[in-house]
Amino acid sequence: MTELKKDNVHRGIPAAPGIRIAKAFLFRKEVEKVIEENITNTDKAIDNFEEAIVKSKAELAKVFSLAVDKLGVKRAALFEAQIMILDDPILIQTIKSRIEKEKKNSEFIVNSEFSKYQDLMSMSKEPYMKERSHDIEDIKNRIIRNIKKKKWKSRITENEIILVSNSLTPADTVLFSRLKVTGYVTNFGGLTSHAAIVARSLNVPAVVGLHEATENISDDDLVIIDGFNGIVIVNPDNEQIDFYKRKLEKLSQVDIELAKLKDLPATTLDGKKIDIFANLDMTEELELIIQNGGEGIGLMRTEQIFQEYDSFPSEEEQTTVYSNYAQKIYPFPLTIRAFDIGGDKVLPVDVREPNPMLGWRGIRFLIDNKNLFKSQIKAVLKASIHKNVKFMIPMVASYRELKVTIDLITECKNELNKDGINFDNHMELGIMIEVPSAALMIKDFADEVDFFSIGTNDLIQYMLAVDRGNDIVANQYQEFHPAIIRTLSYIINEAKKYKTKVTLCGEMAANYMAIPILIGLGLDSISVSGSVIPHAKQIIRALNYSEISKFALSLLELRTEKEIHEKIDIFYFEKFGESSKEFYSN
Amino acid sequence: MIEKNVEIINKAGLHTRPAATIVKIASQFESDFYIMKDGFSINGKSIIGVMTLAAAKGSVIKLTFEGEDEVKMSDAIIDYFNRGFDEL
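Residues numbered from 1 in each chain as written. Chains lettered and ligands numbered in written order. Predicted model: local features only at pLDDT ≥ 70, side-chain atom pairs only at ≥ 80, totals over all residues.

1. Section: the overall build of chain A
Reasoning step 1: Across its full length, chain A holds 24 helices and 17 strands.
Reasoning step 2: Among the 586 residues that make up chain A, the fraction classed as buried is 40%. (Helix = DSSP H or I, 4+ residues; strand = E, 2+ residues; numbered from the N terminus. Buried ≥ 20, exposed ≤ 12 C-beta atoms within 10 Å, placed from the backbone.)

2. A look at the overall build of chain B
Reasoning step 1: Within chain B, the regular secondary structure consists of three helices and four strands.
Reasoning step 2: Its helices and strands in sequence order give chain B the pattern β-α-β-β-α-β-α, from N to C terminus.
Reasoning step 3: With 88 residues in all, chain B has 39% of them scored as buried.
Reasoning step 4: Sequence separation of at least 24 residues holds for 74% of the intrachain contacts in chain B that already meet a minimum separation of 6. (Contact = placed C-beta atoms within 7 Å.)

3. A short note on the sheet that holds strand 2 (residues 13-16) of chain A
Residue and element names in this part refer to chain A.
Reasoning step 1: Spatially, 1-8-7-3-4-5-6-2 is the arrangement adopted by the eight strands of the open sheet, whose pairing is mixed. Unpaired on one side and paired on the other, strand 1 (9-11) and strand 2 mark the two borders of the sheet. With direction set aside, neighbouring strand axes in the sheet form an average angle of 30°.
Reasoning step 2: Sheet topology places strand 5 (residues 181-186) next to strand 6 (residues 206-208); two bridges connect them, and they run parallel. Pairing of Tyr184 across the sheet is with Ala206, part of strand 6.
Reasoning step 3: Contacting strand 3 (19-27), strand 7 (222-226) and strand 8 (231-234), helix 9 (residues 238-259) runs over the sheet at an angle of about 120° to strand 3. (Pairing = 2+ DSSP bridges. Axes fitted to C-alpha atoms, helices over the stretch in contact; angles between N-to-C directions.)

4. With respect to the interface of chain B and chain A
Reasoning step 1: Chain B puts 18 residues into the contact, and the matching count from chain A is 19 residues.
Reasoning step 2: When residues of the side of chain B that touches chain A are traced back to their parent elements, those giving at least two are helix 1 (16-27), strand 3 (40-43) and helix 2 (47-51) of chain B.
Reasoning step 3: Taken together, the residues that form the side of chain B that touches chain A break down as eight nonpolar, seven polar and three charged. (Nonpolar A, V, L, I, M, F, W, Y, C, P; charged D, E, K, R; others polar.)

5. Side note on the nonpolar core
Reasoning step 1: Grouped together as the largest cluster of nonpolar side chains are 86 residues, with contacts concentrated most on Ile431, Ile491 and Leu518 of chain A.
Reasoning step 2: Every residue in contact with Leu518 of chain A, bar those within four places of it in the chain, is listed here: Leu504, Ala509, Leu523 and Ile526 of chain A.
Reasoning step 3: Leu91 of chain A together with Ile22, Ala26 and Ile35 of chain B belong to the second-largest nonpolar core, a separate cluster that totals 40 residues. (Core = buried A, V, L, I, M, F, W, Y, C linked by C-beta atoms within 7 Å.)

6. Details of unusual backbone geometry
All names here are of chain A.
Reasoning step 1: The omega angle of the peptide bond from Tyr330 to Pro331 is 5°, so this bond is cis rather than trans.
Reasoning step 2: Of note, Pro331 is situated in the loop between helix 12 (315-329) and strand 12 (334-337).
Reasoning step 3: Positive phi is not limited to glycine here, since His211 has a value of about 65°.
Reasoning step 4: Counting through the fold element by element, His211 comes out in the loop between strand 6 and helix 8 (213-216).

7. With respect to the pairing of strand 3 of chain B
All names here are of chain B.
Reasoning step 1: The pairing of strand 2 (residues 32-37) with strand 3 spans four bridges and is classified as antiparallel. Across the sheet, Tyr34 pairs through a bridge with Asn43, a residue of strand 3.
Reasoning step 2: Counted along the chain from strand 2 to the antiparallel partner strand 3, the turn is two residues long, and its residue Asp38 has a positive phi close to 50°.

8. Concerning helix 12 of chain A
Reasoning step 1: With 15 residues, helix 12 of chain A should reach 21 Å at 1.5 Å per residue; the first-to-last C-alpha distance of 21 Å fits that figure.
Reasoning step 2: Along helix 12 of chain A, the residues that are buried comprise Gln318, Thr319, Val321, Tyr322, Tyr325, Ala326 and Ile329 of chain A. (Expected span 1.5 Å × (residues − 1).)

9. Side note on the environment of Phe576 of chain A
Reasoning step 1: Here Phe576 of chain A is to be found in helix 23 (residues 561-576).
Reasoning step 2: Counting along the chain gives 34 residues from Phe576 of chain A to Ala542 of chain A, while the straight-line C-alpha distance between them is 9.3 Å.

10. Things to note about the environment of Ile297 of chain A
All names here are of chain A.
Reasoning step 1: Relative to the elements of secondary structure, Ile297 occurs in strand 11 (residues 297-301).
Reasoning step 2: Residue Ile297 is classed as buried on the basis of its 29 C-beta neighbours within 10 Å.
Reasoning step 3: With 230 residues separating them along the chain, Ile297 and Ser527 place their C-alpha atoms 7.5 Å apart.
Reasoning step 4: Setting aside residues up to four positions removed in sequence, Ile297 forms contacts with Phe277, Ala278, Leu280, Ile329, Leu334 and Thr335.

11. Details of the sheet that holds strand 2 of chain B
Residue and element names in this part refer to chain B.
Reasoning step 1: In space, the four strands of this open sheet follow the order 1-4-2-3, with antiparallel pairing throughout. Only two strands of the sheet have a single partner each, and these edge strands are strand 1 (2-7) and strand 3. Adjacent strand axes in the sheet meet at a mean angle of 25° when their direction is disregarded.

12. Here we look at the packing of helix 12 of chain A against helix 14 (residues 370-382) of chain A
The description of two packed helices rests on the angle between their axes and on the distance between the axes.
Residues and elements named next belong to chain A.
Reasoning step 1: The interhelical angle for the contact between helix 12 and helix 14, taken along N-to-C directions, is 35°, at an axis separation of 8 Å. Of the two elements, helix 12 crosses helix 14, and the hand of that crossing is right-handed. Within the contact between the two elements, helix 12 uses Glu315, Gln318, Thr319, Tyr322 and Ser323 and helix 14 uses Ser375, Gln376, Lys378, Ala379, Val380 and Lys382.
Reasoning step 2: Within the contact of helix 12 with helix 14, the residues separate by chemical class into three nonpolar, five polar and three charged. (Left-handed = near helix turned anticlockwise from the far one by under 90°.)

13. Here's the deal with the confidence of the model for chain A
Reasoning step 1: Predicted confidence across chain A gives a mean pLDDT of 86, with 86% of residues reaching 70 or more.
Reasoning step 2: Long-range and interchain partners of residues 581-586 of chain A, a stretch whose pLDDT sits below 50, account for four contacts in this model, where long-range means more than four residues apart. (pLDDT = per-residue confidence, 0-100.)

14. Let's talk about the packing of helix 1 of chain B against helix 3 (residues 70-82) of chain B
Residues and elements named next belong to chain B.
Reasoning step 1: Contact geometry for helix 1 and helix 3: axes closest at 9 Å, N-to-C directions at 160°. In terms of orientation, helix 1 and helix 3 fall into the roughly antiparallel class. Judged by the twist between their axes, the crossing of helix 1 over helix 3 is right-handed. Where helix 1 approaches helix 3, its residues Thr21, Ile22, Ile25 and Ala26 are matched on the opposing element by Ala76, Ile77 and Tyr80.
Reasoning step 2: Its residues assigned to classes, the contact of helix 1 with helix 3 comprises six nonpolar, one polar and no charged. (Parallel < 35°, antiparallel > 145°, perpendicular 65-115°, else oblique.)

15. Details of helix 1 of chain B
Reasoning step 1: Taking 1.5 Å per residue as the helical rise, helix 1 of chain B with its twelve residues ought to reach 16 Å, and the 17 Å between its terminal C-alpha atoms agrees with that figure.
Reasoning step 2: When helix 1 of chain B is considered as a whole, its buried residues turn out to be Thr16, Pro18, Ala19, Ile22, Val23 and Ala26 of chain B.

16. A closer look at the pairing of strand 2 of chain B
Reasoning step 1: Judged from the five bridges that link them, strand 2 of chain B and strand 4 (residues 60-66) of chain B form a sheet pairing that is antiparallel. Bridge assignment links Ile35 of chain B to a residue of strand 4 of chain B, and that residue is Leu63 of chain B.

17. As for the environment of Ser59 of chain B
All names here are of chain B.
Reasoning step 1: Position of Ser59 relative to the elements: it lies in the loop between helix 2 and strand 4.
Reasoning step 2: When the 15 C-beta atoms within 10 Å are taken as the criterion, Ser59 is described as partly exposed.
Reasoning step 3: Residues Ser59 and Lys37, spaced 22 residues apart in sequence, show a C-alpha to C-alpha distance of 9.2 Å.

Pasting the structure below:
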């Protein structure tokens, strides 16, 4: 790879994946120069200031609504805080009275007053205060620019460009997304900087933290940005261009191959249709899921929202989020899983448990925090008006937990009815099967629920008594342990016997070795991450159901994981020959 | 004048959302309201001011209320702090 050892290769932090070759555009943040002037007409200066505030509010409102669209409510909240600052009575009043008393131009007073707060923020040791100080800088510059009645002028043409800048504010990144920016390169910022998050959300490659990007790159330089590896090449030579063009071609070939599968169903050669659902963690994934032909969301993890908000979101906030997803995925189903807090995930209250995986988590935590649980149930119900929402309970270990949950749902429904709020009265309820005790009580649970979803990650962990996060024993976490295969078979058979739908949403569903087994054992659907959908379809479309069901049955006789592994290898080899490894190693 | 020390008890501390809520509550009252931390005194009715306070869980800050409705105001604000900004 001599291509990557030349002087024009710069390395930074890979912040958003993808490769692009385009001309550079240097975005120099126009920092408004502020000159101290003595004035006589203070009334006019105050008028100017007030107009600038109104103008800035209008601009930010626009950015805010664009951001809500593109990034979702939580991340847009940042702009809302900026709008609140423009309404700060103390700040506005202080600025006005200082203009009057000190008889100085308004931009000078604005600059001096805002800087006081920025200095305070910069003194803090908390890293987020530095970021906050940048946000304040952004709003200060906006007001000053509006006092000078200047417009932000874009020099950006219609051509695709790679944007190079010192740093980017969230507002910049959102606005640029409307232009033809195909990549971001910045001097500063890390993986969690606003620019990086927004770039990932918008699916634009980004390399940040290059330190001297703005010095090494000039306007109209040809630039290669490799967001997978954090590489930026300035004015590449022919070898480098060829190297990356080949990479791009390969990427697009894989995309084309898999894109062909988008509208094709995951049907086996002998005609058994498998529903492919997707697991969803972030808003931004939704587009990819739809693009890849996902037929709904089989698992939406809601504890992520809780983490984004740094606190429990209110019922209204949750309603907004869930309704938004339900609408976007419509007419496909959205399966919302109740907060699975605890275990290896963060607990929002300070409780130290000696063994959190066996502690206060999932449904146990929710039942002990009824108000929180009810706020979520109600928000999910409110989002169910189009009849495409399902609700799923994690970590159920006993019949009593399910009964308490059902009583709470009934209670919530009654309260919503009383308030005249609409919801889907027949919203499907399901439970995760991830605790061994629940796996043995499918028959009883089937009386109460509409569907089961097998969570293999925890089920395997609990069945084999292995903590997969513990290096010493992690190799004993065996997805293909005979007891696991037999248990899966038992769960699926019992569910079918008692006429309850069953699906699987653990990582196992994304393992190409496991797919023939899972489908062979009788699953009618699986839920995988969005990027895996095309691969899963590709495999299923090459299988014969009658063949793999026999194959899966034969595995139930085996005694060790090694034997099972060998049998799968032979199966793949017989089916796909030498190409089997390559075929499925994507 | 009412003076009271309060402790930040929620996990995330005094982040933007509680800052905004404190300002909103304070604005409903006439009295003056100041927050003291690390030697700085911040007007509690100013969002940009409250946003400069980096108050993590466990830190103690001093609140002062002065004016006609200082009792009602301090009750409302102190209650909001004691509720851990509704994030417990």
